[in-house]
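Chain residues, written in single-letter form:
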Amino acid sequence: MEKIIGLIDAPFTPFHENGDLNLEPIEKYAAMLQKNGLQGVFINGSSGEGYMLTTEERMQLAERWLKVAPQGFKVIVHVGSCCLRESQKLAAHAQEIGAWGIGSMAPPFPKIGRIEELVKYCEAIANSAPALPFYYYHIPAFNGAFLPMLELLKAVDGRISNFAGIKYTFESLYEYNQCRLYKNGKYDMLHGQDETILPSLAQGGAQGGIGGTTNYNGRELVGIIEAWKNGDIETAREKQNFSQEVINVICRYRGNIVGGKRIMKLLSFDLGPNRVPFQNMTNEEEQQMKKELEAINFFDRCNQF
């Protein structure tokens, strides 16, 4: 299967002020991401508040992204759900409409605590879209599935034919690299933490990643990879350190899902509020965050429309 080269964005889901889905901004959204060097999107995931959408809304979003995606722009659909049958329905739909791939994290409930349980979950979903590459989305901070990913690869190897790899959103660069090295790099290991792109490159083989701060800081994150490829380590290090400064700011405002989404408004691309139970930022918090971003010259370096 084709391996992803470059960075994929995990987009926010646009909502109207009343909380209804807003499909209108997505065409401009896709064009902006491509302009800033992103290779595609991984929709309906954690950044997109996917678990807070109805199945019908998730299908509408997938259809819209597929309709407006620029030429060559990959659309991967997160189909994970607490209801396996809903996940299977979403996977089959993604294949039907021509998505590039699908992915799923482990459900937050019921909690999966054994590799075999996770394999069966992934297998049922992957088999519902056999023509598409399937990625497991490893984000144990979200669902408590603190399971060894190298063991997962060993368990799915030869069992799930369309298992493409893992979106690895966890702090263990050692485990990430061990998975990357499994069977001479058989599986696509997508780095999932924007704050450690450079260390993953330094280990000698990271090719692709999926990020959340790429929504507004994609130029700098893509720039880390470009500088690394050009042998310009100092530039790569500076851009990684800057990207960590951006993350430090959003962490003071309830993280990427809340604070990051409000940054889009500061870039004159308002994607609406977060859904309950997320606590939306106040106007006072927005102004304070803007000052903190100005202090690190963020608006001179952020994504351009």
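Since we're looking at a predicted model, the values are computed, not measured.

## Points about the nonpolar core
Next up, step 1: Ranked by size, the top nonpolar core spans 84 residues in total, and within it W65, Y136, L152, F163 and F298 carry the most contacts.
Next up, step 2: Ranked by residue count, the leading element in this core is helix α4 (residues 115-126), at seven residues.
Next up, step 3: Ignoring anything within four residues of it in the chain, the contact list for F163 reads M1, F134, Y136, L152, L153, V156 and Y187.
Next up, step 4: Formed by 12 residues, the second largest nonpolar core is a distinct cluster that contains Y137, A164, L190 and I210.

## Some words on the packing of aromatic side chains
Next up, step 1: In the structure shown here, the tally under the stated rule is 13 aromatic pairs.
Next up, step 2: Where F134 meets F163, the ring centres are 5.9 Å apart and the plane angle is 55°; that geometry is what we call tilted. Linking F134 in strand β5 (residues 134-138) with F163 in strand β6 (residues 163-168), this pair joins segments that are 29 residues apart in sequence. When sorted by exposure, F134 lands in the same class as F163, which is buried.
Next up, step 3: When the ring of Y216 is compared with that of F298, the centres are 6.3 Å apart and the planes differ by 70°; the resulting orientation is edge-to-face. Placement of Y216 in helix α9 (residues 214-229) and of F298 in the segment after α12 (283-295) is noted, with a sequence separation of 82 residues between them.
Next up, step 4: A residue is classified by how much of its surface remains accessible, and Y216, at 0% relative accessible area, is buried.
Next up, step 5: Here the aromatic residues Y29, W65, F269 and F305 are joined through ring pairs into a cluster of three or more.

## Things to note about empty space enclosed by the protein
Next up, step 1: Taken as a whole and assessed by the stated rule, the structure comprises two cavities of 30 Å³ or more.
Next up, step 2: Counted as a void, the largest cavity has a volume near 60 Å³.
Next up, step 3: Every residue along the wall of the largest cavity is listed here: L7, H191, I197, S200, L201, A206, Q207, G208, G209 and I225.
Next up, step 4: The set of elements that each furnish at least two residues to the lining of the largest cavity consists of α8 (197-202) and β8 (208-211).
Next up, step 5: Broken down by element, the lining of the largest cavity gets its largest block of residues, three residues, from α8.
Next up, step 6: When its volume is computed, the second largest cavity comes out at roughly 40 Å³.
Next up, step 7: In the lining of the second largest cavity, the residues fall into six nonpolar, two polar and no charged.

## Digging into unusual backbone geometry
Next up, step 1: In this chain, F109 is followed by P110 through a cis amide linkage whose omega measures -5°.
Next up, step 2: Tracing the sequence through the fold places P110 in the loop between β4 (101-105) and α4.
Next up, step 3: Cis geometry marks the peptide bond from V276 to P277, where omega comes out at 15°.
Next up, step 4: Positive phi, normally seen in glycine, also occurs at N184, with a value near 60°.
Next up, step 5: Classification of N184 as exposed rests on a relative accessible area of 81%.

About the criteria used
- Residues numbered from 1 in each chain as written.
- Predicted model: local features only at pLDDT ≥ 70, side-chain atom pairs only at ≥ 80, totals over all residues.
- Heavy atoms only, no water.
- Core = buried A, V, L, I, M, F, W, Y, C linked by side-chain atoms within 4.5 Å.
- Buried < 20%, exposed > 50% of the residue type's maximum accessible area, 1.4 Å probe, protein only.
- Helix = DSSP H or I, 4+ residues; strand = E, 2+ residues; numbered from the N terminus.
- Contact = heavy atoms within 4.5 Å.
- Phe/Tyr/Trp six-rings, centres within 6.5 Å; stacked < 30°, edge-to-face > 60°.
- 1 Å grid on protein atoms, 1.4 Å probe; cavity = no way out; pocket = protein on both sides within 12 Å on 5 of 7 lines; lining within 4 Å.
- Points joined across faces, edges and corners; volume = space filled by probe spheres on them.
- Nonpolar A, V, L, I, M, F, W, Y, C, P; charged D, E, K, R; others polar.

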